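Working through the structure, step by step
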Amino acid sequence: MTRGDTEHFARPSAARFIEGRGHYVADIVAAGALHAVIVRSVEAHADITVDVAAAKAAPGVLLVLSGPDIAPLFEPQPIVWNVAGQRRSGLRALAVGRVRYVGEPVAAVVAESPEAARHAATLVRVDYAPRPVVLSPDAALREDAPRLYEDWPDNIVASAAWDGGDVDAAFAGADTVVAGSYVSGRVAAHSLEARAVLAVYDAAWDGVTVHTSTQAPHQVREAIAHCLRVPEHRVRVMVPDVGGAFGSKSCPYAEEILLAHISLRLRAAVRWIETRAEAFVAAVPGRDETVDLALAMAADGRILGLKSLITLDKGAEPYATSVGAAWAGAMMMTGAYRIENVHVGVRVVVTNKTPTGAYRGYGTPEVNFALERALDEAARRLGIDPAELRRRNFVPAEAMPCPSATGLLLLDSGRYAEMLDLALKAFDYDRQIVLASEARAAGQAAGIGMAFYVEPTNLGPSALCGMIGIRSGGFDVANVRMEPGGQVVVFTGQTPMGQGVETVLQSICADELSIPVEDVTVIHGDTQACSYTGYGSGGSRGTGIGGSAVMIAAGKVREKVLAIGAHLLEADPAEVELTQGGVQVRGDGARRVSVAEVARAAYLAHSLPTGTEPGIEARATFDPASLAITYGVALARVEVDNETGLVDVQHIVFGHDCGRQVNPVLVEGQVVGGIVQGIGAALYEELRYDARGQPQVLSMREYDIPFAADVPRIDLVHLETPSPFFPNGAKGVGESGVIPIPAAIANAIRDALGDRAADIVNRLPIRPENLIKY
Amino acid sequence: MAVPAASPHEPSYHTPTTAREAAALLARHGARGRFLAGGQTLIPELCRAPRALDAIVDLRNIPEFGRIQRVGDHIEVGAMVTISAARRALAADFPVIDTCFRHTANSAVRNRATLGGSIALADPASEISTFLLAYDAEVLLEGAGGGRTVAIRALLHVPLTHGTLVTGVRIPVPARDRASFTEFLRRRSGGRSLAMALARIAPGKTSVTVSGGVTQPVCLSGTSPSEALAALDARRADFESDAVRAWVVAAARRALAEAGA
Amino acid sequence: MSVPIACAVNGRDVAANVPATARLSDFLRDTLGLKGTHVACGDGVCGNCTVIVDGEAVRSCLTLAAQCDGRAIETVEGVAEADVFPAIRAAFLRHNALQCGYCTPGFVTTIAAMMRDNAREALTDAEIGSRISSVACRCTGYVSIVAAARALLGRSE
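Bear in mind that the values here come from a model prediction, so they are computed numbers and not experimental data. (Residues numbered from 1 in each chain as written. Chains lettered and ligands numbered in written order. Predicted model: local features only at pLDDT ≥ 70, side-chain atom pairs only at ≥ 80, totals over all residues.)

1. A closer look at the overall build of chain C
Of the regular secondary structure elements, chain C holds six helices and five strands. Reading chain C from its N terminus to its C terminus gives the helix and strand order β-β-α-β-β-β-α-α-α-α-α. With respect to the principal axes defined by its C-alpha atoms, chain C has extents near 50 × 30 × 25 Å. The proportion of buried residues among the 157 residues of chain C is 67%. A fraction of 65% describes how many contacts in chain C between residues 6 or more apart in sequence connect residues 24 or more apart. (Helix = DSSP H or I, 4+ residues; strand = E, 2+ residues; numbered from the N terminus. Buried ≥ 20, exposed ≤ 12 C-beta atoms within 10 Å, placed from the backbone. Contact = placed C-beta atoms within 7 Å.)

2. A few points about the sheet that holds strand β5 (residues 105-111) of chain A
All names here are of chain A. Spatial ordering of the open sheet is given by β3-β5-β1-β12-β9-β10-β11, a layout of seven strands whose pairing is mixed. Edge positions in the sheet fall to β3 (61-66) and β11 (235-238), since each has one partner strand and no second. On average, each strand axis in the sheet is inclined to that of its neighbour by 20°, with strand direction left out of account. Pairing of strand β1 (residues 34-40) with strand β12 (residues 269-273) involves two bridges; the strand directions are parallel. Counted as the bridge partner of H35 is R271 from β12. Running over the sheet, helix α7 (residues 217-228) touches β10 (207-212) and β11 and is turned about 150° from β11. (Pairing = 2+ DSSP bridges. Axes fitted to C-alpha atoms, helices over the stretch in contact; angles between N-to-C directions.)

3. Overview of the pairing of strand β23 (residues 582-585) of chain A
On a regular strand, each side chain points to the face opposite its neighbour's, so the side chains alternate between the two faces of the sheet. Residue and element names in this part refer to chain A. Looking at chain direction, strand β22 (residues 576-579) and β23 are connected through four bridges and run antiparallel. By the bridge assignment, L578 is partnered in β23 with V583. A loop of two residues connects β22 with β23, the two strands running antiparallel in sequence, and Q580 in this loop sits at a positive phi of about 45°. Bridge analysis of β23 against strand β24 (residues 588-594) gives four bridges, and the strand direction is antiparallel. If you follow V585 over to β24, its bridge partner there is D588.

4. Observations regarding the interface of chain A and chain C
Between chain A and chain C, the contact holds 43 residues from the first and 41 residues from the second. Counting residues per element, the ones that place at least two in the side of chain A that touches chain C are α1 (15-18) and α19 (664-684) of chain A. Among the elements that line the side of chain A that touches chain C, the one with the most residues is α19(A), at six residues. Here the residues of the side of chain A that touches chain C are counted per class, giving 21 nonpolar, 14 polar and eight charged. (Nonpolar A, V, L, I, M, F, W, Y, C, P; charged D, E, K, R; others polar.)

5. Here we look at the packing of α7(A) against helix α8 (residues 254-266) of chain A
When two helices pack together, their arrangement is given by the angle between the helix axes and by the axis-to-axis distance. Residues and elements named next belong to chain A. α8 packs onto α7 with a crossing angle of 60° between their chain directions and a minimal axis gap of 9 Å. The angle between the axes of α7 and α8 places the two elements in the oblique class. Judged by the sense of rotation from one axis to the other, the crossing of α7 with α8 is right-handed. Residues V220, A223, I224, C227 and L228 of α7 form the contact with α8, whose participating residues are E256, I257, A260 and H261. When its residues are assigned to classes, the contact of α7 with α8 shows seven nonpolar, one polar and one charged. (Parallel < 35°, antiparallel > 145°, perpendicular 65-115°, else oblique. Left-handed = near helix turned anticlockwise from the far one by under 90°.)

6. Observations concerning the interface of chain B and chain C
Between chain B and chain C, the residue contacts involve 29 residues of the former and 30 residues of the latter. Elements that contribute at least two residues to the side of chain B that touches chain C include exactly β1 (12-14), α2 (42-48), β3 (55-58) and α5 (107-110) of chain B. Residues that form the side of chain B that touches chain C fall into these classes: 16 nonpolar, eight polar and five charged.

7. Points about the nonpolar core
Residues and elements named next belong to chain A. Within the largest apolar cluster, 427 residues are counted, with the highest numbers of intra-cluster contacts made by A36, V109 and I749. Per-element tally for this core: the top contributor is helix α17 (residues 542-569), with 12 residues. Those residues in contact with I749 that lie beyond four places of it in its chain are G447, V638, V640, V647, A757, V761 and I766. (Core = buried A, V, L, I, M, F, W, Y, C linked by C-beta atoms within 7 Å.)

8. Details of unusual backbone geometry
In most cases, non-glycine residues show a negative phi, while peptide bonds are predominantly trans. Residue and element names in this part refer to chain A. Cis geometry is found at the peptide bond from M400 to P401, where omega equals 5°. Topologically, P401 is positioned in the loop between α12 (386-393) and β16 (402-403). Look at the link from L459 to G460: it is a cis peptide, with omega at -20°. Of note, G460 is situated in the loop between β18 (445-457) and α15 (462-468). A positive phi angle is found at F246, which is not glycine, with a value near 60°. Inspection of the secondary structure puts F246 in the loop between β11 and α8. Of the residues examined, F246 has 29 C-beta atoms within 10 Å and is grouped as buried. The residue A605 is not glycine, and still its phi comes out positive at about 60°. Secondary-structure assignment places A605 in the loop between α18 (595-604) and β25 (616-622). Note on A605: 11 C-beta atoms within 10 Å, which makes it exposed.

9. Overview of the domain arrangement of chain B
Residues and elements named next belong to chain B. The assigned domain composition of chain B is domain 1 (12-57), domain 2 (65-172) and domain 3 (178-260). Here domain 1 and domain 2 have C-alpha centroids that lie 19 Å from each other. Domain 1 puts 13 residues into the contact, and the matching count from domain 2 is 18 residues. Looking at the side of domain 1 that touches domain 2 element by element, the count peaks at six residues for helix α1 (residues 19-29). When grouped by side-chain class, the residues that make up the side of domain 1 that touches domain 2 number eight nonpolar, four polar and one charged. (Domains from an automatic or database assignment.)

This is the structure:
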């Protein structure tokens, strides 16, 4: 990959999208496919009875299902992240007798046309006997709070705590304690392609192919088989192009299970396309977490101790990724710093809102926001420069791999101080501090803020997954096959969703085999063809884990190609090398066979080295020994209009280290994309509910994702410190951008406005209404 | 080419060539008929309630609805002139229109949204309403009783009777004045307006037309900017919150300052 | 009621009878099989459904097929065959101006219309900014898209 060579495009396979030849689930032509519409609860908490008679009788309707219809047939939805002692809801794909959030699926209508299905859906009668609603953890945790689940003693899904050292002593001996409550608001991943499912029955194998926009085809397949009580070989999942996901498509959904059932039941093809309004209430949102944090500080800036309580508002049901974000946040709580005395508590609470799930960063942004805000306050209180304060607390490079005090996190490799210096220099930090101060003296509310971050990537060691409750392993399997003509096919469980993983795997394989990239094809998204991957494409694991599996498998192919090539050349295997698409004797270009000739020989099998099997195909698994910790820092300059409270983010410098960058252009794309999502979360985006639990955001008019003019000047700097635990040295980077941005912007606003903003900026999004100086 | 069969519930679709014909068509269908101008508001409504209408009366074939012409000391703009087209065509006589309409919806919606549709919608946070009010526009209507003219101000607070058709607007061409427009948006790129102000300063007369939050545009005037601001201050209670008030006042001050600069 | 329309789509004449309430986006995708136009919000906000009608960028989700009688419509597929396309393709690839590709057709049509308008009379920077900010992308963070667009319009970054 030649960076800087403009005609050597970083992702040539992207050309078809520019021509309008992307191929998403809604684009699949399935003549005669039926259409499904999901009827959803309009109450936040109620007992319900459902009458489908009128809907069933409507023209063009083939089937109407409600909860009682499927309850005896379906298993409850699986939970991706199970922890010991966590409570379950027994949720099935359609509500039975009771609804707990606006948007909960209540019935499914199947008809011959979208119009007929939509009309029949209006005829489904749902009678609601409303119950009192709880809309916040505080409300849900009160003694007398209405309970969402009668068989639970309270509204807590699960809770846990981890300790390291002696936190009480640390706080007793502190020179100052900084404490706060840091709130990350509820946001939508808001991929531009909402969800879509096309389930196609095939009589030839009495099974169903489920085309769905997902990050985790194997997990969806497992969930469908489990919930419908059918053997897995009757279910195939295929993923075409995915129009963005960001975590919101990483869990199996009720609609996938319902559509598969309907298809099998009717022996027909049936399609469901999510509307944007549905996406806002039915796709899993992210964040909605409060981190109560206290730091015990020494006068010289060292962090003596940390106490925190992470409270995750899970919404109405603990399915999908369940407690995961809170647990992941607990793991990441101590960040890049050496903190020997730690107490981290987590609790996950149900409320009458849409169930939350995975969203880019998955717990890390929430705790980063708290930690980096608190450190900023500590710096002010102690009179130490914020950057210097970080420096004094970093885990040094030579101490790595370094476990955190709770034992949850292993910082594998990194040069934190060097990264900070690199970014400060790019930002011209010292001068910017002075300029901002001068501006403020002249009446302009300018401010500088920073946030350092660490990010768990390459999820993850299967044993770790098991230990922390993830229902699957974290390994990856890759198959690499050289075809009789010498081209190579890579079969991967990774799923592209815009990040370019298919390009990365293609190049890793091509590099390993010294063949042109054009000779490698990557097959993905098909559970029938593609190898199983434990966790889908999430946890920033595509390049590090998927790529490592491909590298190892390609390496095995490479060995076989060399062995057969040596055999054909009648040379000693030790004498030959693989170079420029052929095997040749080192130093003797005349004695050479092409990869194509090697492949032909392998598939003819007329003469192969002793003990060599015909064909060329290799399988490799990769199960990492550790997570890989990517890290970096964001620096922001803002100007706030005191009269209006409007925030102008003027400049961001973002430093990151994701280990070896296999494709630097794609890395940059991920970082910048994440930064802009972070800006959205910091300043604009929020899924709000009213006092009755009615969602206030049902269209893009009410949900402000950033557009081009909202993006400030962004400069990137990077280091490449390989992870010792990954063959290709690569760490993940997909979630980096979004992690430190809210804290950096919040700190900058606080710097700009002074003490009056110190509490206001602890709640995201930071709204202009709350910054106006009257 | 597979075309879905129109269901029996599809509304009838009409393309009359005169305003009178259009008004008559709508009168025939009452509440179950709607005028279709640019469609930027009606079409999402149609999709939310597909069976609510019996008739759609598309106004695009009425020739005079596309007019932009100087009539004496007024400019007449037909109801179907798009926001984009109006922004271009009126720029010479109303230089402030370029910034004023810059954040109406987005550039593509502006290519279809119409002046008439905008007036009929009377969205409080409408740059179009603010502009028309600031320039004392009159709205030309066609209804059951024939044609009439009303000041834009009257239409901002009392919705048009269903079936009344906006046929155009008549805007007096301003004598030399300096005008400036300030708007605060939640996002720099656009989205919902928080508050806006269009200031006009002429010898002996200053006006500032503001809107904010859910409050319809209102025009405050005086002999000087400070008088106009005082008039605005007297109307503080019109605005729904401290924040909206703050934005409205800030927008007014800045627009006046820039106009006077 | 069925409404007869006769229009041009990507340079080819199309005659059809369409339901009165059929959206142009659905007509293009489902009736004509042109899947490149994507619906993402249905409210005209995101711009992913943008097509060119009589030279102007419009939201196909906020246009009725019935309104298109007598009009010339150009979708991303049409732009892909037009003179402006090779430069657009190269710029998007060079700048890595897409990731998942879902919003890309909306940018391609918007930018194609801009390029043609700009060739007639130079667009102001404010107008360019306004039009580029009319299409939502969730993946790229826009920096690469803006760079590609400005390069195509002959402006410095």
